[in-house]
Amino acid sequence: MTSSTSCSIPRGSYQKVVKRIQNIKYFAMSAKKRKYIEDYIGFGFVSLQRGDTEVPQCVICYKTLSNDGMRPSRLERHLRTSHPALVDKPKAFFETKKDTLKRAKLDDSGSFRQQSSKVVEASYEIAMLIAKSKKSHNIGESLIKPSILCAAELVLGKDNANKLSQISLSNDTVKKRIDELSQDIKVQTLDQCSQLLMYARFVSGNNIKEEIMFCHPMESFTTAEAIFDVISDFFQENQLSWESLVGVCTDGAPAMRGLRSGFVTKVK
Ligand SMILES: [Zn+2]
């Protein structure tokens, strides 16, 4: 019904229509809201309060669904389509992610932290640099942050320095960030597909050298054909000739040493 037609409705019907709209409204307001159940963490979802409604939030990508999505079929669908590699993860895995999500939202006193994502990102990047340099965690608060603030105030002015002061580099934060980063690297590594590593031993001047040639993820299969194709492409791209290959050694994988169709047989 559009507003232009509503004007031409006789008075009696008009009141009926109003009554019906009120009924619909009442129905919508009393419509059952879906509630979070603890088991939903098994699909990687926690509950987020939005106004007076609960909505499910993914602990992996932080995406929220509508209240209507608060049911096993919808939560499972998100997990299967958005994070297929995590489908078989145990509940404990998502529990850990849930704690990370909570920590990201709350500061140490438990109150919400108003931080822009750039400030948080900077904190992670610097924590990564501290980890790589193998320096102690407190270098963030004892040296790095004072240095940043000092330089920023001199070069960029006080306002910009204030912005940078929001970068959290306390001893605890740096430790927390490094723990999260290493956990994330572990998960990514475990999720990754097989890698093909090739070393080459060659004559260089008067010496025999051994160097790693490449590390290539095997996206589909790890059959002899697939391995041969990858190496063949590498040879072509780098103008290497099969003729200059004198010998080949492989690990003991069946795809490598198979007598009839193994990789070595193909090379020969
Ligand atoms: Zn997700």
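Just so it is clear, the model here is predicted, and its values are computed rather than measured. (Residues numbered from 1 in each chain as written. Predicted model: local features only at pLDDT ≥ 70, side-chain atom pairs only at ≥ 80, totals over all residues.)

1. Focus on the overall build of the protein
Phase 1: A count of helical and extended segments in the protein gives 11 helices and four strands.
Phase 2: For the protein, buried positions account for 11% of its 268 residues.
Phase 3: At a minimum sequence separation of 6, the contacts of the protein that also span at least 24 residues come to 47%. (Helix = DSSP H or I, 4+ residues; strand = E, 2+ residues; numbered from the N terminus. Buried ≥ 20, exposed ≤ 12 C-beta atoms within 10 Å, placed from the backbone. Contact = placed C-beta atoms within 7 Å.)

2. Some words on unusual backbone geometry
Phase 1: In this structure, Tyr-62 is a non-glycine residue whose phi angle is positive, near 65°.
Phase 2: Examined against the element boundaries, Tyr-62 turns out to sit in the loop between strand 2 (53-58) and helix 3 (72-82).
Phase 3: Judged by C-beta crowding, with 11 C-beta atoms within 10 Å, Tyr-62 ranks as exposed.
Phase 4: The phi angle at Lys-134 is positive, at roughly 60°, despite the residue not being glycine.

3. A closer look at the environment of Lys-145
Phase 1: Note on placement: Lys-145 falls in helix 6 (residues 139-155).
Phase 2: Judged by C-beta crowding, with 19 C-beta atoms within 10 Å, Lys-145 ranks as partly exposed.
Phase 3: Excluding residues that lie within four positions of it along the chain, Lys-145 makes contacts with Gly-140, Ile-167 and Leu-169.

4. Some thoughts on the pairing of strand 4 (residues 207-217)
Phase 1: Counting buried residues in strand 4 gives zero out of 11 residues, a small share hidden from the surface.
Phase 2: By the bridge criterion, 10 bridges tie strand 3 (residues 195-204) to strand 4 in an arrangement that is antiparallel. Bridge pairing in strand 4 links Ser-204 to Asn-207.
Phase 3: Counted along the chain from strand 3 to the antiparallel partner strand 4, the turn is two residues long, and its residue Gly-205 has a positive phi close to 65°. (Pairing = 2+ DSSP bridges.)

5. Looking at the environment of Ile-178
Phase 1: Within the secondary structure, Ile-178 is located in helix 8 (residues 171-191).
Phase 2: Under the C-beta neighbour-count criterion, Ile-178 is labelled partly exposed, with 17 such atoms within 10 Å.
Phase 3: Along the primary structure Ile-178 and Lys-132 are separated by 46 residues, whereas in three dimensions their C-alpha atoms are 9.9 Å apart.
Phase 4: Leaving out residues up to four positions away in the same chain, Ile-178 has contacts with Ala-127 and Ala-131.

6. Concerning the confidence of the model for the protein
Phase 1: Model confidence for the protein is summarised by a mean pLDDT of 80, while 78% of its residues fall at 70 or above.
Phase 2: Scored below 50 in pLDDT, residues 1-9 makes three contacts in the model with residues more than four places away or belonging to other chains.
Phase 3: Counted against residues more than four places away or in other chains, residues 25-30, with its pLDDT under 50, gives zero contacts. (pLDDT = per-residue confidence, 0-100.)

7. Observations regarding helix 6
Spacing of three or four residues puts side chains on the same side of an α-helix, whose turn is 3.6 residues.
Phase 1: Taking 1.5 Å of rise per residue, the 17 residues of helix 6 would be expected to cover 24 Å, and the 22 Å separating its terminal C-alpha atoms lies within 8% of that figure.
Phase 2: At Lys-145, helix 6 shows its strongest bend, of approximately 25°, with the proline Pro-146 following within four residues.
Phase 3: Taken from the residues just after helix 6, Gly-157 is the one with a positive phi, measuring 100°. (Expected span 1.5 Å × (residues − 1). Bend = angle between axes of the 7 residues up to and from the residue.)

8. Details of helix 5 (residues 117-133)
Phase 1: For helix 5, spanning 17 residues, the distance from its first C-alpha to its last is 24 Å, which sits close to the expected 24 Å at 1.5 Å a residue.
Phase 2: Turning to helix 5, its buried residues number three or more, namely Ser-123, Ile-126, Ala-127 and Ile-130. The arc enclosing the buried residues of helix 5, seen along the axis, measures out at 105°, which places them on a common side. Turned more than 90 degrees off the buried face of helix 5, the exposed positions are Ser-117, Lys-118, Glu-121, Glu-125 and Lys-132.
Phase 3: Just beyond helix 5, the residue with positive phi is Lys-134, at close to 60°. (Arc of directions from axis to C-beta.)

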